[in-house]
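Spelled out from the first residue to the last, the chains are:
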Amino acid sequence: MHTKTLTELKAGLANGDFSSRELTEHFLARIKQFDGELNSFVTVTEQQALAQADAADQAIAAGQTGLLTGLPIAHKDIFCTEGVRTSCGSKMLDSFIAPYTATVVNKMASEGAVMLGKTNMDEFAMGSSNETSYYGPVKNPWDLERVPGGSSGGAAACLGARLAPAATGTDTGGSIRQPAALNNITGLKPTYGRVSRWGMIAFASSLDQAGPMGQSAEDCALMLQAMAGHDHRDSTSLNQKVDDYLGALKEDISGLTIGIPEEFFPDTLDGAIADNSRAAIRELEKLGAKVVSVSLPSIKLSVPAYYVIAPAEASSNLSRFDGVRFGHRCDDPKDLEDLYKRSRSEGFGDEVKRRILVGTYALSAGYYDAYYRRAQQVRRLIRDDFARAFEKVDVLMGPTAPETAFKLGAKKDDPVSMYMADVFTIGVNLAGLPALSMPTGFINGLPTGTQVIGNYFREGQILNVAHKYQQVTDWHRQLPTFGGEQ
Amino acid sequence: MAIDSKVVAQVAHLARLKVDQADSDALSSRLNDILAMVDQLQQADVADVAPMAHPLDVTQPLRDDEVSEPNIRDKALEIAPAAEDGCFLVPRVIE
């Protein structure tokens, strides 16, 4: 059952080929068998999953099904789940049992989804390798000595190894797309505001966005249909009609104009990475798409702008962790300041502390104009570059990540080199655009991905581009040997 | 704008973080690496460019001034590290 896509499993449940309980037990057994090695889950919610599966089987028998009835899904441990630990990959929240459930989780549950558990991640979603997690690194199922990417590394790895048929992720600077590329799965970051952030632990609020991670674009379309929509509890969620994403997959793509930003194929880029993405673009040309060259001159400043804006917002968001109301509290504080300082210093890991310090510095008196204000100005230049490109093209394409999965520990002591893992993904977050990563071949047995970026609210179109590509290629169906495949 | 151990100590205090003296030099050096990368922003010509806070220039909506959320005080206090009589407990602040 685990070699079937979510869409195929949905059909199997509808046909009565298997029950949701059988399906759920199958994935729980795979998690038990393989996750000791992979470390992709922080918490497995077995009892709850089986209860949800039984309820789904009753709903199916009664003919009362939702979009996701009976389908097992793993949630990133950044989404609050009432009664279940929500750690965000941090010692700070190691004992935090959320008192309420995130809108994304609620919406999927109300469509009948079964929650398998909570997936491992970089601490507070700050990282590109899943090595900053308090619960230890996740391994890449394609090579256990390599990282799965991050920050949604647990989600991507469990999905890559088919320990879950689908997963949720969040993407602030590439945290869905980069691990999707490194694990041979499809992952979509929607338009900023398309999916509610309520109950999603905040990292950088003007950039954070939740999205689906699946085995195919079709799976992502199915999940996004359940996830998207306005939420009055998130004032940044946009009150705009949700498109028919599965319906969008039926549209013709002949005449589609693909823009190739020259900045996504710099001279310094690994030739094999460039070749795989160019080959994917050629497949789409065969299907009738036109290709034109475009330029995004300011995108070279996206990583520097991001590393001011994201840490600045993080330093503010993470000030709530003070040892008073919830989360880690130090022993025997001698006064209030000692309580704050020791609780925070014990609860946060090194990368989180670094980003809080950078953000605090950038916002401090005398530096605000040089850093934060300037970064927000550059952010507008980047957005305007994209807007100009979208006057001429329908989608933009290029590699998702500049390299395949790197060795565990390879960049651990070099933050700036780690930050460059997101060089092609960050601009999209700064501009608030939707983008997905799809599998487009291998280099020395390691997966590579290609990014498809769309205009605002054009999730249906980029899912359709990926879907058309996946109908004529089978990269997305390749499985790692880990997990007993092949 | 290089930062040294002294600046690290000041910023750490603002962020209510404790930095051990032993880690301070290594931390300063990492932070300087990050700030050196970030300094590329100084190349940008941003004269007359308005800072952008939201990509779609959306403004925050207003809602009616009515109670919309339930009172979950007891649930919130249950997960507090220390609470008593409906209040969070902190070390004595006022003598």
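What you are looking at is a predicted structure, and each value in this text was computed from that prediction instead of being measured.

**So, the overall build of chain A**
Along the backbone of chain A there are 16 helices and eleven strands. Whereas a compact globule of 486 residues would reach a radius of gyration of roughly 23 Å, chain A reaches 21 Å, a difference of no more than 12%. Each of the three principal axes of chain A carries a C-alpha extent, and together these read 65 × 55 × 45 Å. Counting every position in chain A, which comprises 486 residues, the buried fraction comes to 67%. Considering only residue pairs separated by 6 or more positions, chain A has 75% of its internal contacts joining residues 24 or more positions apart. By element, 46% of the accessible surface of chain A is carried by carbon and sulfur atoms, the whole surface being about 15400 Å². With 48 positive and 57 negative side-chain charges, chain A shows a separation of 4 Å between the mean positions of the two kinds.

**Quick notes on the interface of chain A and chain B**
Tallying the contact residues gives 66 residues for chain A and 51 residues for chain B. For the chain A and chain B pair, buried surface summed over both sides reaches about 5400 Å², with 70% attributable to carbon and sulfur atoms. The three residues of chain A that bury the most area against chain B are L357, Y361 and R374 of chain A, which together make up 12% of that side's buried surface. If you look at where chain A meets chain B, you find three salt bridges. Ionic pairing is found between E82 of chain A and K75 of chain B, a salt bridge with its closest N-O pair at 3.0 Å. For the pair chain A and chain B, the number of links is 20 residue pairs in polar contact (both at pLDDT 80 or more). Breaking the side of chain A that touches chain B down by element, the ones donating at least two residues are α10 (302-317), α11 (336-347), α12 (350-363), α13 (369-392), α14 (415-419) and α15 (426-431) of chain A. The greatest single-element share of the side of chain A that touches chain B, amounting to twelve residues, is contributed by α13 of chain A. Taken together, the residues that form the side of chain A that touches chain B break down as 36 nonpolar, twelve polar and 18 charged.

**Some words on the nonpolar core**
Residue and element names in this part refer to chain A. Among the nonpolar cores identified, the biggest contains 151 residues, and L68, M108, F124, F348, F386, I453 and L463 are the most heavily contacted of them. Ranked by residue count, the leading element in this core is α10, at nine residues. Each residue touching F124, except ones within four places of it in the same chain, is listed here: C88, S90, M92, L93, I201, F203, L318, F321, F348 and V352.

**With respect to the pairing of strand β2 (residues 72-76) of chain A**
Residue and element names in this part refer to chain A. Taken across its five residues, β2 has five buried, putting it largely inside the fold. Because side chains alternate across β2, one face comprises the buried residues P72, A74 and K76, and the other comprises I73 and H75, equally buried. Sheet topology places β2 next to strand β3 (residues 114-119); five bridges connect them, and they run parallel. Bridged to H75 within β3 is K118. Each parallel crossover has a hand, and for β2 linked through helix α4 (residues 103-110) to β3 it is right-handed.

**Examining the packing of aromatic side chains**
All names here are of chain A. Enumeration according to the criterion identifies 17 aromatic pairs over all chains in this entry. Geometrically, the ring pair formed by W142 and F442 is tilted, given 5.0 Å between the ring centres and 50° between the ring planes. Here F442 lies in strand β10 (residues 435-443) and W142 lies in the loop between β3 and α5 (153-160), a separation of 300 residues in the sequence. With a relative accessible area of 23%, F442 lands in the partly exposed category.

**Observations regarding the state of the cysteines**
Residues and elements named next belong to chain A. The full count for this structure, using the stated rule, is zero disulfides over all chains. Left without a disulfide partner, C158 is nearest to the cysteine sulfur of C220, which lies 13 Å away. With relative accessibility at 0%, the residue C158 sits in the buried group. With relative accessibility at 0%, the residue C220 sits in the buried group.

**Thoughts on the environment of E459 of chain A**
Mapping E459 of chain A onto the fold places it in helix α16 (residues 459-472). Those residues in contact with E459 of chain A, other than ones at most four positions away along the chain, are L188, P190, T191, R194, L224, Y245 and P434 of chain A.

**Comments concerning helix α3 (residues 46-61) of chain A**
All names here are of chain A. With 16 residues, α3 should cover 22 Å at 1.5 Å per step; its first-to-last C-alpha distance of 23 Å lies within 8% of that length. What α3 keeps buried is the set A49, L50, A53, A56 and A59. Along its buried surface, α3 packs onto α2 (20-38) and β3. Within two residues after α3, G63 carries a phi angle of roughly 70°, on the positive side.

**Some thoughts on the UniProt feature "active site" (unreviewed entry) in chain A**
Residue and element names in this part refer to chain A. Under the feature "active site" (unreviewed entry), the UniProt entry names K76, S151 and S175. These annotated residues cover 100 residues of sequence, and their C-alpha atoms lie no more than 11.2 Å from one another, placing them together at a single site. Inspection of the secondary structure puts K76 in strand β2. For K76, the contacting residues outside a window of four places in its chain are K118, T119, M121, A125, S151, S152, T168, G169, T170 and S175. Tracing the backbone through its elements, the reader meets S175 in the loop between β4 (167-170) and α6 (177-183). Not counting residues up to four positions away in its chain, the partners in contact with S175 are K76, A125, G127, G150, S151, S152 and T170. At 2.9 Å, the side chain of S175 forms a polar contact with the side chain of S151.

**Observations concerning unusual backbone geometry**
Along the chain, G150 of chain A connects to S151 of chain A via a cis peptide bond; the corresponding omega equals 5°. With respect to the helices, strands and loops of the structure, S151 of chain A is situated in the loop between β3 and α5. The phi torsion at F124 of chain A lies on the positive side, around 50°, for a residue other than glycine. Inspection of the secondary structure puts F124 of chain A in the loop between β3 and α5. Look at F124 of chain A and you get buried, because its relative accessible area is 1%. Of note, the phi angle at R16 of chain B is positive, near 50°, even though the residue is not glycine. Looking at the secondary structure, you find R16 of chain B in the loop between α1 (5-14) and α2 (21-38).

**What about the environment of A305 of chain A?**
Within the fold, A305 of chain A resides in helix α10. The spatial distance from the C-alpha of A305 of chain A to the C-alpha of R233 of chain A is 29 Å, given a sequence separation of 72 residues. Sequence-distant contacts of A305 of chain A, defined by excluding residues within four places in its chain, comprise A375, V378 and L430 of chain A together with L41 of chain B.

Calculation rules
- Residues numbered from 1 in each chain as written.
- Chains lettered and ligands numbered in written order.
- Predicted model: local features only at pLDDT ≥ 70, side-chain atom pairs only at ≥ 80, totals over all residues.
- Heavy atoms only, no water.
- Helix = DSSP H or I, 4+ residues; strand = E, 2+ residues; numbered from the N terminus.
- Rg over C-alpha atoms; globule rule 2.2 N^0.38 Å.
- Buried < 20%, exposed > 50% of the residue type's maximum accessible area, 1.4 Å probe, protein only.
- Contact = heavy atoms within 4.5 Å.
- Areas by Shrake-Rupley, 256 points an atom, 1.4 Å probe, with all protein chains shown as cover.
- Lys, Arg positive; Asp, Glu negative; His and termini not counted.
- Charge placed at Lys NZ, Arg CZ, Asp CG, Glu CD.
- Buried area = accessible area lost by both parts, 1.4 Å probe.
- Salt bridge = Lys/Arg side-chain N within 4 Å of Asp/Glu carboxyl O.
- Polar contact = N/O pair within 3.5 Å; in protein donor to acceptor, adjacent residues only side chain to side chain.
- Nonpolar A, V, L, I, M, F, W, Y, C, P; charged D, E, K, R; others polar.
- Core = buried A, V, L, I, M, F, W, Y, C linked by side-chain atoms within 4.5 Å.
- Pairing = 2+ DSSP bridges.
- Right-handed = clockwise from strand over helix to strand, strands pointing away.
- Phe/Tyr/Trp six-rings, centres within 6.5 Å; stacked < 30°, edge-to-face > 60°.
- Disulfide = S-S within 2.5 Å.
- Expected span 1.5 Å × (residues − 1).
- UniProt positions renumbered as here; feature names shortened; annotations may be inferred.

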